[in-house]
Number of protein chains: 2
Amino acid sequence: MSALTLSGTELAARLRADVTSRVAALCEAGRHTRVAIVTATADPSSAWYVQSIVKACSRVDIDCDVADLGPDATAAQIGSALRRLSADRGVQGIILQTPLPAGIDVTQAASDIDVSKDIDGANPLSLGRLMAGLPTFAPATAEAVMRLLDHYRVALTGQQAVIVGRSLVVGKPLAQLLLQRDATVTVAHSRTADLPSVTSRADVLIAAAGRTGLIGAGHVRPGASVVDVGTSVTKDGSLAGDVAPDVAEVAGALSPVPGGVGPVTTAVLLRHAVDAAESMAPRKGTLP
Amino acid sequence: MSALTLSGTELAARLRADVTSRVAALCEAGRHTRVAIVTATADPSSAWYVQSIVKACSRVDIDCDVADLGPDATAAQIGSALRRLSADRGVQGIILQTPLPAGIDVTQAASDIDVSKDIDGANPLSLGRLMAGLPTFAPATAEAVMRLLDHYRVALTGQQAVIVGRSLVVGKPLAQLLLQRDATVTVAHSRTADLPSVTSRADVLIAAAGRTGLIGAGHVRPGASVVDVGTSVTKDGSLAGDVAPDVAEVAGALSPVPGGVGPVTTAVLLRHAVDAAESMAPRKGTLP
């Protein structure tokens, strides 16, 4: 038996096509869609990620500026840049790239992103609105997991969902999204005792711990749907997930790395940007 | 075998004594501690609860104003009252009483409470800051459960915690607090399939569904610690929890209703008020 592959490429392409036509429609009405990425690190994998966003924006005709504040940026400088971009009507989406310089709390810093432009759901107000079920942008990765599950019609209501990992970009917001969909949700993490016994309960298992190969066949109930959110760079430069290859022999469905959640995440980010651009009222006194 | 009683009365008295001395110290420095309750309902049990807060404040020398906007109040009127109180330097704590008039979203309304005065953690920004682990006021009931567990030295790290109920005042914020303490956390609810099998995994079981007697002996692992957050008013006017009496024969520890989480919740609310008063800087130009 081999698991159904929960590929993200078709879904991502569909999302991008939708974004492209909406960006074009805005453009015809004289409105541009522009994203700004604020970065303050010399981390090479961060630089690689930023370039991938820039390229993805370019493919769907979204303008993308990178404000590189350098690895010595202070919290005040980052806050100032985010507030300036939040006030800039020419920018509809803002991404604060991590890591930040040592000692700067990402979530505290993200408090300066206007929630209407917070397309990666990093502001604590966005997270709280998500918890409360109010309209808001969810972190793109967490939303991408939901969209991937829905694309393959994986049942959620009344199902046991287990998330391994409690980050603010995946685990915690994803728990809120799964609860909204009436799943019974467990969040496990590095301090969980007897992880295999916890993950084996899952009808839907989300691996988001960032530890290569953490989840093996012994962690998975036969037939379960497994989504791999892990993206560690291995010694040979390739991308590895949290799920070991032998899981494919046990799971009913499994998302690959790369080609699973990753492309959907990028497409969700683009979609949030055009959502933000559409919901921003045209400036008074200008033509629509 | 009968369960250890997780009484809240001693803990509540200890918290109140601490609040009383801190309020007195502020008062000696010429600073008053004042709470405002905004209410917009004719619901009698709400009126009873508001009066219990007023009395509790009075016992610890905290001033308490009730702004009763009446059951026909609009969202605009409630927002205006909350913004006025948020700007009023004479008020350090604000409570928005529920229920609100039909059609008004509590969390949306609570967005107008300044987070530094949001002593019941109702503003979505407070909830998001809680999720992010930033300093903030947690909803008093959720914090009371944690304080009760800590008072009786119930182990949490690596333990299986199961919360029944996903409200914004208990279930969801409590999940965040338990995750911060390294418990493996499951949130179950009305759509959970086979609830007894889920709750039976719990080392620590929190019943917060608001359904009288929902949790019976068959839901509880022998020796588990059970906290009953339910407070339904029965036909004869007494207070009933979510936990049936037979659970005492199975659980290792059990909080009673009344006399468990309830008194601790009120004491936590008072403590938050004095926390807020202490952290508010004296007005410039006045004596400290």
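All of these numbers come straight from a predicted model, not from anything done at the bench.

Student: Help me out: how do you make sense of the domain arrangement of chain A in this one?
Tutor: Accessible area lost when the parts come together is the quantity often used to give the size of an interface. Structurally, chain A comprises domain 1 (31–118) and domain 2 (140–262). Between the C-alpha centres of domain 1 of chain A and domain 2 of chain A there is a distance of 28 Å.

Student: Before we go on, may I ask you to explain the interface of chain A and chain B in this structure?
Tutor: With 27 residues of chain A in contact, the opposing surface of chain B contributes 27 residues. Those elements that place two or more of their residues in the side of chain A that touches chain B are helix H4 (106–110), helix H5 (124–132), helix H7 (171–180) and strand E6 (184–188) of chain A. Sort the elements by how many residues they give to the side of chain A that touches chain B and H5(A) lands first, with 8 residues. For the side of chain A that touches chain B, a count of residues per class yields 13 nonpolar, 9 polar and 5 charged. Examined bridge by bridge, E6(A) and strand E6 (residues 184–188) of chain B share 3 bridges and lie antiparallel to one another. Residue pairing in the sheet places A:Thr186 in a bridge with B:Thr186 of E6(B).

Student: I'm lost on the environment of A:Leu214 in this one. Help?
Tutor: Residue and element names in this part refer to chain A. Following the sequence through the fold, Leu-214 ends up in the loop between strand E7 (204–207) and strand E8 (225–228). Residue Leu-214 is classed as buried on the basis of its 21 C-beta neighbours within 10 Å. Placed 26 residues apart in sequence, Leu-214 and Ala-240 show a C-alpha to C-alpha distance of 11 Å. The residues contacting Leu-214, other than those within four sequence positions of it, are Ala-207, Ala-209 and Asp-242.

Student: Help me out: how do you make sense of the sheet that holds strand E1 (residues 4–5) of chain B in this one?
Tutor: Neighbouring strands of a sheet are bound in pairs by backbone hydrogen bonds; such pairs are parallel or else antiparallel. The strand order across the open sheet formed by 12 strands is E1(A)-E11(A)-E8(A)-E7(A)-E5(A)-E6(A)-E6(B)-E5(B)-E7(B)-E8(B)-E11(B)-E1(B), and the pairing between neighbours is mixed. Of all the strands in the sheet, the pair left with one neighbour each is strand E1 (4–5) of chain A together with E1 of chain B. Sheet topology note: the E1(B)/strand E11 (residues 253–254) of chain B ladder contains 2 bridges and is parallel. Paired with B:Leu4 across the strands is B:Ala253, a residue of E11(B).

Student: How do you make sense of the relation of the copies chain A and chain B when you look at a structure like this?
Tutor: Between the two copies of the chain lies a rotation about an axis combined with a shift along it. Rotating chain A by 180° about the axis while translating it 0.0 Å along that axis superimposes it on chain B, leaving an RMSD of 0.0 Å. Expressed as an axis order, the relation between the two copies is that of a two-fold axis.

Student: Looking at this structure, how should I read the pairing of strand E3 (residues 63–68) of chain B?
Tutor: If a strand is regular, its side chains alternate between the two faces of the sheet. Residues and elements named next belong to chain B. Pairing analysis gives 6 bridges linking strand E2 (residues 34–39) to E3, with the strands arranged parallel. Across the sheet, the residue bridging to Arg-34 is Asp-63, located in E3. Note on the crossover from E2 through helix H2 (residues 44–59) to E3: the handedness is right-handed.

Student: Would you explain the packing of H2(B) against helix H9 (residues 261–279) of chain B in this entry?
Tutor: Each pair of packed helices gets described by two things: the angle between the helix axes and the distance between those axes. Residues and elements named next belong to chain B. Viewed as axis vectors pointing N to C, H2 and H9 meet at an angle of 60°, and their least axial separation amounts to 10 Å. For the element pair H2 / H9, the angle class is oblique. Here the hand of the crossing between H2 and H9 comes out right-handed. The segment H2 lies against H9, with Ser-52, Ile-53, Ala-56 and Cys-57 engaging Thr-266, Leu-269 and Leu-270.

Student: Would you mind going over unusual backbone geometry with me for this structure?
Tutor: Note on backbone geometry: most residues besides glycine have negative phi, and most peptide bonds are trans. For the bond running from A:Val257 to A:Pro258, omega is 0°, close enough to zero to count as cis. Among the structural elements, A:Pro258 can be located in the loop between strand E11 (253–254) and helix H9 (261–279). Put simply, B:Thr98 and B:Pro99 share a cis peptide bond, and its omega is 0°. Here B:Pro99 lies in the loop between strand E4 (93–96) and helix H4 (106–110). Within the chain, A:Asp61 stands out as a residue other than glycine whose phi angle is a positive 65°. Here A:Asp61 shows up in the loop between helix H2 (44–59) and strand E3 (63–68). The class of A:Asp61 is partly exposed, set by 15 C-beta atoms lying within 10 Å.

Student: Help me understand helix H7 (residues 171–180) of chain B, please; the structure alone is not making it clear to me.
Tutor: Count 3.6 residues to each turn of an α-helix, and residues three or four apart come out pointing the same way. Residue and element names in this part refer to chain B. The buried count for H7 comes to 9 of 10 residues, which makes it a mostly enclosed element. All buried positions along H7 are accounted for by Gly-171, Lys-172, Pro-173, Leu-174, Ala-175, Gln-176, Leu-177, Leu-178 and Leu-179. In the stretch just after H7, Asp-182 is the one whose phi turns positive, near 70°.

What counts and how
- Residues numbered from 1 in each chain as written.
- Chains lettered and ligands numbered in written order.
- Predicted model: local features only at pLDDT ≥ 70, side-chain atom pairs only at ≥ 80, totals over all residues.
- Domains from an automatic or database assignment.
- Contact = placed C-beta atoms within 7 Å.
- Helix = DSSP H or I, 4+ residues; strand = E, 2+ residues; numbered from the N terminus.
- Nonpolar A, V, L, I, M, F, W, Y, C, P; charged D, E, K, R; others polar.
- Pairing = 2+ DSSP bridges.
- Buried ≥ 20, exposed ≤ 12 C-beta atoms within 10 Å, placed from the backbone.
- Least-squares fit on C-alpha atoms with pLDDT ≥ 70 in both.
- Right-handed = clockwise from strand over helix to strand, strands pointing away.
- Axes fitted to C-alpha atoms, helices over the stretch in contact; angles between N-to-C directions.
- Parallel < 35°, antiparallel > 145°, perpendicular 65-115°, else oblique.
- Left-handed = near helix turned anticlockwise from the far one by under 90°.

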